[in-house]
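Chain by chain, the residues:
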Amino acid sequence: MTTALPGAVALREQAARLDADDPLAPVRERFLLPPDVVYLDGNSLGPLPAAVPAALDDVVRRQWGTALIGSWNTAGWWQAPLRVGDAIGTLIGAAPGQTVAGDSTSVQVFTALDAAAALRPDRPLLVTDPGHFPTDRYLADAVARRRGLQVRHVPPPDLPHFLADEGRQVAVVSYSPVDFRTGELYDMTALTRAAHEAGALALWDLCHAAGALPLEVDALGVDLAVGCGYKFLSGGPGAPAFLYVAQRHHAALETPLPGWTGHADPFALARDYTPAPGIARARIGTPPILSLLALEAALTAFDGVDLHQVRAKSLSLTGFLLRCADELLAPLGFTSVTPSDPGRRGSQVTLRHPHAHGLAVALAGRGVVADMRAPDLLRFGVNALFTSHGDLLTAATRLRDLIVEGAYDPAPPSVGPVT
Ligand SMILES: *Cc1c(COP(=O)(O)O)cnc(C)c1O
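Residues numbered from 1 in each chain as written. Predicted model: local features only at pLDDT ≥ 70, side-chain atom pairs only at ≥ 80, totals over all residues. Heavy atoms only, no water.

Caption draft 1: Expanded view of the site of the ligand. Looking at the ligand, the residues that line it are Ser-104, Thr-105, Ser-106, Phe-133, Thr-135, Asp-136, Asp-205, Cys-207, His-208, Tyr-230 and Lys-231. Residue Ser-106 places a side-chain N or O atom 2.6 Å away from an oxygen atom belonging to the ligand. The separation between a nitrogen atom of the ligand and a polar side-chain atom of Asp-136 is 2.8 Å. In isolation the ligand offers 400 Å² of accessible surface; the protein chains occlude 86% of this area. Contributing elements (two or more residues each) for the shell around the ligand: α5 (105-119) and α6 (134-147). Grouping the amino acids of the shell around the ligand by side-chain chemistry returns three nonpolar, five polar and three charged. (Near = heavy atom within 4 Å. Polar contact = N/O pair within 3.5 Å; in protein donor to acceptor, adjacent residues only side chain to side chain. Areas by Shrake-Rupley, 256 points an atom, 1.4 Å probe, with all protein chains shown as cover. Helix = DSSP H or I, 4+ residues; strand = E, 2+ residues; numbered from the N terminus. Nonpolar A, V, L, I, M, F, W, Y, C, P; charged D, E, K, R; others polar.)

Quick look at the structure:
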């Protein structure tokens, strides 16, 4: 049962108007979403793109099943990491030949941090965000330990001030443009420039940005970037990640895992390692072809899509959800931790409520999939390729109903939430 509120009518009309005027509305057809589900967790696991099942069927039955090992050449398997890397490159503003797809984000974070430290050998500090995603923090600590460096935790807004004092000591600044908890968007341009003015390298983790907003890694002079294949790129559970290294660093690039597929002549099976020219040296081992080609098919959901339109719609969606939260949920004890300033907002809205866990579980029971981050944050990811304003009103209304009806478990989770 939905409680009728005077404001809800105005919100419903606004949602209908915005959805009717949405130039990206037809793109929703490129995803196979269950009909009765409002899916607001695409920033954690993107839904299934319609192009993937047939593509995977071909990879499995024909390429693998019939052509067997010959597919390394005839089906382009060998080149797939670089080909898929270039396809991701078009979404992050990278010219071809600088992005490779493969391995997990965690592996790529380690690779990028270690390679960056090697490019600035006389500088003893790694700078990262104390609020960075845990894996990025753990791996910064690990790289620092192995190389005898030190980690400094500096919130992104404090970076210019920190660098004014200690900038000449800093090898690399490792940040995400979007805070995965709050959805706050940081100024990539200003932070990259600040790192460069100190002579440090800028490493960006684009997990919550790639596919969600226009990025210009080449134009900004970003040195290295990594990101995830399974969030806004919808490449499937455990999809390969990516690593971007600006071309100017390729000749000097030393990766910590110089595997045989990154060799200049891998099939010579030489005794000693000679790195391949270009980004190919960042390849490690045999790529996971099924996952990689599922990701390649998934990326076709972006064909002909202008990321500036994606950004405009994403801001319209998050702005609308903030309005719904303000009118329907704030009176019931929810507060938003996502900036209301559109220039400081990524593609998610996070609401604080002491019973976030029970509410996320109960919401899923009513067909709205969001997630929570301990202890008290409810996270709603929007993806402009398939989310509608109507979806968000449904989510806010059902959340309101749960509170009014008391239809959720107020106990905190007994085990940690899923990642
Ligand atoms: C999602 C995410 C990861 C995930 O790393 P995996 O190796 O894929 O588990 C890493 N960093 C950030 C910033 C993320 O948002």
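The discussion continues.
Caption draft 2: Broad picture of the nonpolar core. Within the largest apolar cluster, 60 residues are counted, with the highest numbers of intra-cluster contacts made by Ile-92 and Leu-206. Split by domain, this core shows at least three residues from each of two domains, domain 1 (6-30 + 306-405) and domain 2 (52-302). If you look at the next biggest cluster of nonpolar residues, it comprises 34 residues, including Leu-11, Ala-356, Ala-362 and Leu-378. (Core = buried A, V, L, I, M, F, W, Y, C linked by side-chain atoms within 4.5 Å. Buried < 20%, exposed > 50% of the residue type's maximum accessible area, 1.4 Å probe, protein only. Domains from an automatic or database assignment.)

Caption draft 3: Representation of the domain arrangement of the protein. For the protein, the domain assignment lists domain 1 (6-30 + 306-405) and domain 2 (52-302). Centre-to-centre separation of domain 1 and domain 2, based on C-alpha positions: 30 Å. Taken together, the contacts link 22 residues of domain 1 with 19 residues of domain 2. Here domain 1 packs against domain 2, burying approximately 1,700 Å² in sum over the two surfaces, 60% of which is carbon and sulfur. Looking at the side of domain 1 facing domain 2, the largest losses of area belong to Arg-30, Leu-307 and Arg-344, adding up to 28% of the total buried there. Counting every contact that joins domain 1 to domain 2 gives one salt bridge. Measuring nitrogen to oxygen at the nearest pair gives 2.9 Å for the salt bridge that ties Arg-344 to Glu-184. For the interface between domain 1 and domain 2, the tally reads nine residue pairs in polar contact (both at pLDDT 80 or more). (Contact = heavy atoms within 4.5 Å. Buried area = accessible area lost by both parts, 1.4 Å probe. Salt bridge = Lys/Arg side-chain N within 4 Å of Asp/Glu carboxyl O.)

Caption draft 4: Spotlight on the UniProt feature "modified residue: N6-(pyridoxal phosphate)lysine" (unreviewed entry) in the protein. Cross-referencing UniProt, the feature "modified residue: N6-(pyridoxal phosphate)lysine" (unreviewed entry) maps to Lys-231 in the present numbering. Within the element layout of this structure, Lys-231 appears in the loop between β7 (224-227) and β8 (242-245). The contacts of Lys-231, once residues within four sequence positions are left out, are Gly-42, Asn-43, Ser-44, Gly-46, Cys-207 and His-208. (UniProt positions renumbered as here; feature names shortened; annotations may be inferred.)

Caption draft 5: View of the sheet that holds strand β3 (residues 125-128). Pairing within the open sheet is mixed, and its seven strands lie in the order β2-β8-β7-β6-β5-β3-β4. The strands lining the two open edges of the sheet, one partner per strand, are β2 (99-101) and β4 (150-153). Mean inter-strand twist for the sheet, computed between neighbouring axes without regard to direction, equals 15°. Examined bridge by bridge, strand β5 (residues 170-175) and strand β6 (residues 201-205) share four bridges and lie parallel to one another. By the bridge assignment, Val-173 is partnered in β6 with Ala-202. Running over the sheet, helix α4 (residues 80-92) touches β2 and β8 and is turned about 120° from β2. The strands touched by helix α7 (residues 159-166) within the sheet are β3, β4 and β5, with β5 carrying the most contacts at an inclination of about 170°. (Pairing = 2+ DSSP bridges. Axes fitted to C-alpha atoms, helices over the stretch in contact; angles between N-to-C directions.)

Caption draft 6: Spatial organisation of the environment of Arg-146. Here Arg-146 lies in helix α6. On the basis of relative accessibility, which here comes to 69%, the residue Arg-146 falls in the exposed class. Taking the C-alpha atoms as reference, Arg-146 lies 9.2 Å from Asp-114; in sequence the two are 32 residues apart.

Caption draft 7: View of unusual backbone geometry. In this structure, Pro-375 follows Ala-374 across a cis peptide bond, with omega equal to 0°. The phi angle at Leu-68 is positive, at roughly 50°, despite the residue not being glycine. Inspection of the secondary structure assignment puts Leu-68 in the loop between α2 (52-64) and α3 (71-74).

Caption draft 8: Seen up close, the packing of α4 against helix α10 (residues 289-299). One way to put it is that α4 packs onto α10 with a least axis distance of 10 Å and a crossing angle of 30°. Considered as vectors, α4 and α10 are oriented roughly parallel to each other. Crossing geometry of α4 relative to α10 is assigned as left-handed. Residues Ala-80, Pro-81, Arg-83, Val-84, Ala-87, Ile-88 and Leu-91 of α4 touch α10, and the partners they reach there are Ile-289, Leu-292, Leu-293, Leu-295, Glu-296 and Leu-299. Taken together, the residues that form the contact of α4 with α10 break down as eleven nonpolar, no polar and two charged. (Parallel < 35°, antiparallel > 145°, perpendicular 65-115°, else oblique. Left-handed = near helix turned anticlockwise from the far one by under 90°.)

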